[in-house]
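# Fold and contact review
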Protein chains: 4
Amino acid sequence: MSKDKIVSNIKDQELVRIRRDQMIKGAITLFKEKGFHRTTTREIAQASGFSIGTLYEYIRTKEDVLFLTCDAIYDQVKERVEASIALEQPTKENLIKIVTSYFCLMDELQEEILILYQEAKSLKKETRHYVLQKERDMVSMLERALLECVPDLSNKEAALIANNIFVQGHMWSFRRWIIQKQYTLREYIGLQVENLLKTLPN
Amino acid sequence: MSKDKIVSNIKDQELVRIRRDQMIKGAITLFKEKGFHRTTTREIAQASGFSIGTLYEYIRTKEDVLFLTCDAIYDQVKERVEASIALEQPTKENLIKIVTSYFCLMDELQEEILILYQEAKSLKKETRHYVLQKERDMVSMLERALLECVPDLSNKEAALIANNIFVQGHMWSFRRWIIQKQYTLREYIGLQVENLLKTLPN
Amino acid sequence: MSKDKIVSNIKDQELVRIRRDQMIKGAITLFKEKGFHRTTTREIAQASGFSIGTLYEYIRTKEDVLFLTCDAIYDQVKERVEASIALEQPTKENLIKIVTSYFCLMDELQEEILILYQEAKSLKKETRHYVLQKERDMVSMLERALLECVPDLSNKEAALIANNIFVQGHMWSFRRWIIQKQYTLREYIGLQVENLLKTLPN
Amino acid sequence: MSKDKIVSNIKDQELVRIRRDQMIKGAITLFKEKGFHRTTTREIAQASGFSIGTLYEYIRTKEDVLFLTCDAIYDQVKERVEASIALEQPTKENLIKIVTSYFCLMDELQEEILILYQEAKSLKKETRHYVLQKERDMVSMLERALLECVPDLSNKEAALIANNIFVQGHMWSFRRWIIQKQYTLREYIGLQVENLLKTLPN
DNA sequence: GATGAATGAGCATTCATTCAT
DNA sequence: GATGAATGAATGCTCATTCAT
């Protein structure tokens, strides 16, 4: 597991989980507000409900907080996308359900997605790659769903469409000032799904 | 003009233009490399070919540099998209040409686009809105081209497709580690244009 | 006794002795490696084989560890010098034996001597004086041995020579990078003893 | 030159010299009082007469201050020993003069010598070796003076005696609480020189 | 107009010490 | 008696900004 790479002085693993959850919750609030660079470690500690000294018992560097945060966001997204895919039979109608629920998820997690877009680049190589891999996994899930639901699709086509769907979901977040003024979520989903269907064979 | 909002101590407007061009050139190089927050004003001054004191004769704060830089990138993009649109007759074939040349431009300006995505959020409200407006203008240009070339399109459809094209161009940049490993630029453009055509009426 | 000045929460005096011995052993290893200031109390606890909480049951401050350590080193040196002096008859030949075995001891305890030289200054006044007194005692022992073996020596001469011998022993430790490259221990002892004999009357 | 290895942001080399001299002066005062580790960079800046920001324009790390300080002390010692040796003809009487003036110098620079003894170990490998070399050079100077003034001496004997003299000089500083209570400087020099003469052939 | 030395608020991180369990 | 989680004052260092020359 990824989080195990972040070293902590605290022995009680359950406590580490609890404190890091507090930390991630605090950090997300702050990163939404002012971004990673403008947030101080003291603010993170305070928002997490403990002292600066305690913060550093659970991480090694400020960047660790960013990693834990990005990681948690991806996990959350991945888990829910996975769940929505697992439930469905591989039919075109269900593909639409999957995509729809993915867009809804993106709406729910708008601000978290923004954090990924704007701050993940501040991770060091190794951790950035780790997080990138999670992203890749998620696109792969969409790709597989596409291939199962629409067997006529070539691999390259499926991969591209998966990427497009993936990014159109994010777009609802990172272009919200523009998009959300023109469309309701339902409209947006409706139009994007319509286009998607036109794109698919048959 | 936007740049006029950034105050300078220097009277000679031509000199201001020259120095700011140097500054933007230096800043882009540095921001590509290490991002806005990790770049110091001293480094910007040095990369621009003058002293830190001189830098501050032409701007008021470090954020001004970011604004000038984002602004310059958008201007560059806008100018070239405008040119490509202006040349063409409103036919579907020419729409493809416009979109193709837009994707090529995004390929050329990959790193500049990344700067916009990752750093523009550090701008203060007012300037961020200013830059956002430029983005809106650009999407509008694509939208108008779409409506002219494909008259059957509704406004809402055209706006959404314009946004999709716009973001698919950026995607080539901000998801390059994933996308550019799977597709050549030509392949990417080919597939995206193909999907676009399927999406359009007729 | 000195160690009794260091307060402990623990009643069982034998346990205090045992834990402090562990502590001193751990501390010496660490101080040799990185010095007093660069060693943390956590490291000392760990090297001693118990927790940080337990460490503080047996001392009041980090400086106490330094004191106990310096004190232990001096005790060790003193004990062995005392033993070597006690064994001998007061003849010039035996003086040579005493000096020789002192130099050998200094060779054995090189790194401990270094600790005294480099860290004892970090002790607070009171404890520093206490340790200093031990040093004085040791020089006095050499001085007495000198006076007994070479009765013609004046007090002032004996005191100075005792100091010289004392420091020449340390020198083998604190100038080792220079001295030990030029001389083997035997050579060093041989030459220093030779000079000593020339210095003495008769 | 050694100091050139310490990088400064400031271009004006003369100013660098001036500021570093202030810094060394301030640092020596503080290091005498509380040692390197207990002295903060802020205190060094203040004692030097400028702000913490300015301090860091002239050095890169706190350790740089220690290096500059040790280096300056050695330079001062070396220069004066060199001068005293240069003046004299190679006779035994002049050897005594050289040694006497060396002891006087050690008396004058007592506290600076203590700094070398207690803090030089905190230098990083490279700089520590650099400083060590200066020490070696100084002993070599004494050694050469010995060989010139007392030609019958073997190299090994001369080297050892040079080291003894060198350390007996320092001893006046680092054992001052003991030695300076028993002897005046004149007495100390008198007795040590007397012993030295007994040691030398003829 | 250009320069670069000076400033000090601000930040990440450490670590001796305490105390509830 | 032992443990180890919690604390926060302290510290080294950075960097945007100013201003005298």
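Residues numbered from 1 in each chain as written. Chains lettered and ligands numbered in written order. Predicted model: local features only at pLDDT ≥ 70, side-chain atom pairs only at ≥ 80, totals over all residues. Heavy atoms only, no water.

## Some thoughts on the overall build of chain A
Which entries qualify depends on this criterion: Only DSSP runs of H or I covering at least 4 residues are called helices, and only runs of E covering at least 2 are called strands; the numbering of each starts at the N terminus. The buried label goes to any residue with under 20% of its type's maximum accessible area, the exposed label to any with over 50%, and the partly exposed label to all in between, with areas taken from a 1.4 Å probe on protein chains only. Note on contacts: a residue pair is in contact if any heavy atoms of the two residues lie within 4.5 Å. Values of accessible area rely on a 1.4 Å probe in the Shrake-Rupley scheme; residue burial ignores everything except the protein chains shown. Neither His nor the chain termini are counted; the positive set is Lys and Arg, and the negative set is Asp and Glu. Charged groups are reduced to one reference atom each: NZ for lysine, CZ for arginine, CG for aspartic acid, CD for glutamic acid.
When helices and strands are tallied, chain A shows ten helices and zero strands. The order of helices and strands in chain A, counted from the N terminus, is α-α-α-α-α-α-α-α-α-α. The principal-axis extent of the C-alpha atoms belonging to chain A is close to 60 × 35 × 30 Å. Looking at chain A residue by residue over its 202 residues, the buried ones come to 54%. In chain A, of all internal contacts separated by at least 6 residues, the share reaching a separation of at least 24 is 72%. Element-wise, carbon and sulfur atoms account for 52% of the exposed surface of chain A, whose accessible area totals about 9,300 Å². Charge-centre separation for chain A: the mean point of 30 positive side chains lies 6 Å from the mean point of 29 negative side chains.

## Quick look at the protein's contact with DNA strand F
Our working definition: Residues are classed as near a molecule or strand on a simple rule: at least one heavy atom within 4 Å of it. Distance and chemistry together define a polar contact, namely a pair of N or O atoms within 3.5 Å, with one atom able to donate a hydrogen and the other to accept it when in protein, and with adjacent residues in sequence counting only for side-chain atoms on both sides.
Surrounding DNA strand F, one finds 42 residues, the nearest of these being Arg19(A), Tyr58(A), Lys11(C), Tyr58(C) and Tyr56(D). Counting only the atoms of DNA strand F within 4 Å of the protein, the fraction contributed by sugar and phosphate is 65%. Thr54(A) has a polar side-chain atom sitting 2.8 Å from a phosphate oxygen of DNA strand F. One of the backbone nitrogen or oxygen atoms of Asp12(C) is found 3.1 Å away from a phosphate oxygen of DNA strand F. For the surface near DNA strand F, the elements supplying multiple residues, two or more each, are helix H1 (13-38) and helix H3 (52-58) of chain A, helix H2 (41-48) and helix H3 (52-58) of chain B, helix H1 (13-38) and helix H3 (52-58) of chain C together with helix H2 (41-48) and helix H3 (52-58) of chain D. Broken down by element, the surface near DNA strand F gets its largest block of residues, five residues, from H3(A).

## With respect to the interface of chain B and chain A
Selection rule: Take the accessible area each of two parts loses on contact, using a 1.4 Å probe, and add the two losses: that sum is the buried area. A pairing counts as a salt bridge when a side-chain nitrogen of Lys or Arg comes within 4 Å of a carboxyl oxygen of Asp or Glu.
Facing the 37 residues of chain B at the interface are 37 residues of chain A. For the pairing of chain B and chain A, the buried interface totals around 3,500 Å² over both sides, and the portion due to carbon and sulfur atoms is 52%. The largest contributions to the chain B side of the interface with chain A come from Lys156(B), Leu160(B) and Arg175(B), which together make up 17% of the buried area. Counting across the chain B and chain A interface gives six salt bridges. Of the charged contacts in the structure, one is a salt bridge between Glu187(A) and Lys156(B), with a shortest N-O distance of 2.6 Å. Here chain B is connected to chain A by 19 residue pairs in polar contact (both at pLDDT 80 or more). Elements supplying a minimum of two residues to the side of chain B that touches chain A: helix H1 (13-38), helix H6 (110-119), helix H7 (125-149), helix H8 (155-174), helix H9 (176-182) and helix H10 (185-199) of chain B. Ranked by residues supplied to the side of chain B that touches chain A, first place goes to H8(B) with twelve residues.

## So, the protein's contact with DNA strand E
The condition that has to hold: Amino acids outside the nonpolar list (Ala, Val, Leu, Ile, Met, Phe, Trp, Tyr, Cys, Pro) and the charged list (Asp, Glu, Lys, Arg) are all regarded as polar, and Gly is one of them.
In the neighbourhood of DNA strand E, 42 residues make up the surrounding shell, with Tyr56(A), Lys11(B), Arg19(D), Gly53(D) and Tyr58(D) lying closest. The sugar-phosphate portion of DNA strand E accounts for 64% of its atoms within 4 Å of the protein, the bases making up the rest. Lys11(B) places a polar main-chain atom, nitrogen or oxygen, 2.6 Å from a phosphate oxygen of DNA strand E. Within the backbone of Lys62(C), one N or O atom sits 2.8 Å away from a phosphate oxygen of DNA strand E. Among the secondary structure elements, those contributing two or more residues to the surface near DNA strand E are helix H2 (41-48) and H3 of chain A, H1 and H3 of chain B, helix H2 (41-48) and H3 of chain C together with helix H1 (13-38) and H3 of chain D. The residue makeup of the surface near DNA strand E, split by class, is 14 nonpolar, 15 polar and 13 charged.

## A word on the UniProt feature "DNA-binding region" (unreviewed entry) in chain A
So the rule is basically this: UniProt positions are given in the numbering used here, feature names are shortened, and annotations may be inferred rather than shown by experiment.
Under the present numbering, the feature "DNA-binding region" (unreviewed entry) in UniProt falls on residues 40-59 of chain A. Across residues 40-59 of chain A, the secondary structure splits into 75% helix and 0% strand, with the terminal C-alpha atoms separated by 14 Å.

## Examining the packing of helix H8 (residues 155-174) of chain A against H8(B)
What counts here: Lines are fitted to the C-alpha atoms to define the axes, a helix being fitted only along its stretch in contact, and any angle between axes, read from their N-to-C directions, falls within 0 to 180 degrees. Relative orientations are named as follows: roughly parallel for angles under 35 degrees, roughly antiparallel for angles over 145 degrees, roughly perpendicular for angles from 65 to 115 degrees, and oblique for any other angle.
Relative orientation of the contacting elements H8(A) and H8(B) amounts to 105°, with a least axis distance of 10 Å. It follows from the interaxial angle that H8(A) and H8(B) lie roughly perpendicular. Packed against H8(A), whose contacting residues are Asn163(A), Asn164(A), Val167(A), Gln168(A), Met171(A) and Phe174(A), the element H8(B) presents Asn163(B), Asn164(B), Val167(B), Gln168(B), Met171(B) and Phe174(B) at the interface. The residue inventory of the contact of H8(A) with H8(B), partitioned by class, reads six nonpolar, six polar and no charged.

## Structural notes on the UniProt feature "domain: HTH tetR-type" (unreviewed entry) in chain A
When the UniProt feature table is mapped onto this chain numbering, "domain: HTH tetR-type" (unreviewed entry) sits at residues 17-77 of chain A. Secondary structure within residues 17-77 of chain A divides into 87% helix and 0% strand; the distance between the first and last C-alpha atoms comes to 19 Å.

## Details of the relation of the copies chain B and chain A
Under the convention used in this document: The copies were overlaid by least squares, fitting only the C-alpha atoms of residues that reach a pLDDT of 70 or more in each copy.
In screw terms, the move from chain B to chain A is a rotation of 179° and a rise of 0.0 Å along the axis, fitting with an RMSD of 0.2 Å. On this basis, the relationship between the two copies can be described by a two-fold rotation axis. In terms of proximity to the rotation axis, the leading residue of chain B is Gln118(B), whose C-alpha is 2.4 Å off the axis. Of all interface residues in chain B, 100% are interface residues in chain A too; the two copies therefore contact each other through one and the same surface.

## Re the relation of the copies chain C and chain D
Superposing chain C onto chain D takes a rotation of 179° combined with a translation of 0.0 Å along the rotation axis, leaving an RMSD of 0.2 Å. Mapped onto chain D, 100% of the interface residues of chain C again fall at the interface, so both copies present the same surface.

## Here we look at the interface of chain C and chain D
Between chain C and chain D, the contact holds 37 residues from the first and 37 residues from the second. Summing the contributions of chain C and of chain D, the shared interface buries around 3,500 Å²; its carbon and sulfur component is 52%. Considering only the surface of chain C that becomes buried against chain D, Lys156(C), Leu160(C) and Arg175(C) emerge as the three largest contributors, covering 16% of it. There are six salt bridges connecting chain C and chain D. Linking Lys121(D) and Glu119(C) is a salt bridge whose minimum nitrogen-to-oxygen distance equals 3.7 Å.

## Focus on the environment of Ile24(A)
All names here are of chain A. Position of Ile 24 among the secondary structure elements: in helix H1. Taking C-alpha positions, Ile 24 is 7.8 Å from Ser 48, a pair spaced 24 residues apart along the chain. Excluding anything up to four places from it in sequence, Ile 24 contacts Leu 68, Thr 69 and Ala 72.

## Quick notes on the environment of Gln76(A)
When you line up the elements, Gln76(A) lands in helix H4 (residues 62-86). Taking the C-alpha atoms as reference points, Gln76(A) and Arg17(A), 59 residues apart in sequence, are found 15 Å from one another.

## Describing the pattern of salt bridges
Evaluated as defined, the whole model comprises 54 salt bridges over all chains. The residue Lys78(C) makes a salt bridge to Asp137(C) at a minimum N-O spacing of 3.5 Å. Highlighted residues: Lys78(C) in helix H4 (residues 62-87) and Asp137(C) in helix H7 (residues 125-149), separated in sequence by 59 residues. Members of the salt-bridge network, linked through shared partners, are Glu14(A), Arg17(A) and Asp21(A).

## What to know about H2(C)
Residue and element names in this part refer to chain C. Heads up, the condition is: Arc definition: directions from the helix axis to the C-beta atoms.
What H2 keeps buried is the set Thr 41, Ile 44, Ala 45 and Ser 48. Along the axis of H2, the buried positions cluster into a sector of 100°, meaning they face one direction only. Where H2 is buried, its residues meet H1, H3 and H4. One or two positions beyond H2, positive phi appears at Gly 49, with a value near 90°.

## Concerning the packing of aromatic side chains
Heads up, the condition is: The aromatic pairing rule takes the rings of Phe, Tyr and Trp, using the six-membered ring of Trp, and pairs them if the centres are within 6.5 Å, calling planes under 30 degrees apart stacked, those over 60 edge-to-face and the rest tilted. Lysine NZ or arginine CZ positioned within 6 Å of the ring centre and within 35 degrees of the ring normal marks a charge as sitting over the ring.
Evaluation of the coordinates by the stated rule reveals 39 aromatic pairs over all chains. Taken together, a centroid distance of 5.9 Å and an interplanar angle of 40° make the contact between Tyr102(A) and Phe103(A) tilted. Note on Phe103(A): relative accessible area 2%, which makes it buried. Site record: aromatic cluster; members linked through ring pairs are Tyr102(B), Phe103(B), Phe166(B), Trp172(B), Tyr183(B) and Tyr188(B). One Lys or Arg, Lys62(B), reaches over the ring of Phe36(B) and ends 4.5 Å from the middle of that ring.

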